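The residues making up each chain are set out below.
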Amino acid sequence: MFAQERQNAIKKIVRKHQRLSFAELQDLVKVSPATLRRDLTDLEKTGEIIRVHGGVLDPAYVRTEVSFDERLLRNHAAKKAIASRAAALVPSGFSVFVDAGSTCLEAGRVLLSRQDVRVISHSVALTAISLHGQADFLCIGGELRRVSGALVGGGALGALSRLRVDLAFLGASGMTREGCSTTELSEAEMKRAILERSARRVLLADVTKWPESSTVQFATWPEIHDLVTDQELPPKDAKALRQSGVALHVAAS
């Protein structure tokens, strides 16, 4: 296959799937890693694809991703209720990693008002709020992803590899019976790293995320200990999650 034919095939695949890891794309195109990297370099120069850490994405998909400021305004009452319920799960003396999602930001805000916990995060917004908080706070540095206000990439992952926390609050863009997903590969990598370094994993997500599947799955339900949401899930779905070992907590909004 000539280079132009390969690149046309790559463009069609990326348009269809929107987001792919390098390994997934290589498996679909069936070329060597070196050849695929050269093709991706050419396509990136012309704006046909966007390369991210570990994969590629469709530029049209990036343009449609909801900004962090907009997400803060959506379902705000539900997010505050979830945050309050989630914070009540944190015992005195715990270290807590707080993910960079909008619901997790509200939970982090509650924790920062306490003097008996330590908060760790890669959220730029939560870092700014921490200036006026009471809790000890550690910011994980990295490359800024502006659409979510998250610090990601090799630096952030390296810092995480040296930490161990008692509990983590994680956000998700989608939830199904198969697990939890997010929109972007670098953020999925951060969530995976947080899961691996946390003794207890608590997912914070309002019920509008169910059943919705986003692009990159970062966890299956047996890897999650608690789900804090704002409404009861359908009985069959709730039963399936409990059978996976997930404790369900419904916040009163």
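The rules behind the values
- Residues numbered from 1 in each chain as written.
- Predicted model: local features only at pLDDT ≥ 70, side-chain atom pairs only at ≥ 80, totals over all residues.
- Heavy atoms only, no water.
- Phe/Tyr/Trp six-rings, centres within 6.5 Å; stacked < 30°, edge-to-face > 60°.
- Helix = DSSP H or I, 4+ residues; strand = E, 2+ residues; numbered from the N terminus.
- Buried < 20%, exposed > 50% of the residue type's maximum accessible area, 1.4 Å probe, protein only.
- Lys NZ or Arg CZ within 6 Å of the ring centre and 35° of its normal.
- Disulfide = S-S within 2.5 Å.
- Salt bridge = Lys/Arg side-chain N within 4 Å of Asp/Glu carboxyl O.
- Pairing = 2+ DSSP bridges.
- Axes fitted to C-alpha atoms, helices over the stretch in contact; angles between N-to-C directions.
- Contact = heavy atoms within 4.5 Å.

Asks: Is there a simple way to explain the packing of aromatic side chains in this structure?
Replies: In this description, an aromatic ring pair is defined by two values, namely the gap between the centres and the angle between the planes. Applying the stated criterion across every chain yields a total of 1 aromatic pair. Between tryptophan 210 and tryptophan 221, the aromatic rings sit 6.2 Å apart at their centres with planes inclined by 45 degrees, giving tilted as the arrangement. Of this pair, tryptophan 210 sits in the loop between strand E12 (198-204) and strand E13 (216-219) while tryptophan 221 sits in the loop between E13 and strand E14 (226-229), and the two are 11 residues apart along the sequence. Taken as a pair, tryptophan 210 and tryptophan 221 share a single burial class, namely buried. Across from the ring centre of phenylalanine 218, 5.3 Å away, lies the NZ or CZ of lysine 191, which sits over that ring.

Asks: Sorry, what's going on with the state of the cysteines here?
Replies: Note on terminology: disulfide describes a covalent bond linking the sulfur atoms of two cysteines. Under the defined criterion, the tally for this structure stands at 0 disulfides. Here cysteine 180 is not cross-linked by a disulfide; its sulfur's nearest cysteine counterpart is in cysteine 104, at 11 Å. Residue cysteine 180 is classed as buried on the basis of its relative accessible area of 0%.

Asks: How should I be thinking about the pattern of salt bridges in this particular structure?
Replies: Opposite charge on two side chains allows them to pair when their charged atoms are near. Scanning the entire structure with this criterion turns up 12 salt bridges. The shortest N-O distance in the salt bridge between arginine 15 and aspartate 58 comes to 3.4 Å. Of the two residues, arginine 15 is situated in helix H1 (residues 3-17) and aspartate 58 in the loop between strand E3 (55-57) and helix H4 (59-64); the sequence distance between them amounts to 43 residues. In this structure aspartate 58 comes out as buried when scored by relative accessible area, which is 6%. Between arginine 114 and aspartate 116 there is a salt bridge; the shortest N-O distance is 2.9 Å. Salt bridges sharing common partners tie together Arg15, Glu48 and Asp58.

Asks: I keep staring at the sheet that holds E12 and nothing clicks. Help me out?
Replies: Strands in a sheet are paired, the pairing made by backbone hydrogen bonds, and the direction either parallel or antiparallel. Spatially, E6-E5-E4-E9-E12-E14-E15 is the arrangement adopted by the 7 strands of the open sheet, whose pairing is parallel. Sheet topology places strand E6 (136-139) and strand E15 (247-250) at the edges, where each strand pairs with a single neighbour. This sheet shows a mean twist of 20 degrees between the axes of neighbouring strands, independent of strand direction. The strands that helix H6 (residues 76-87) touches are strand E9 (165-170), E12, E14 and E15; relative to E14, the one it contacts most, it runs at about 145 degrees.

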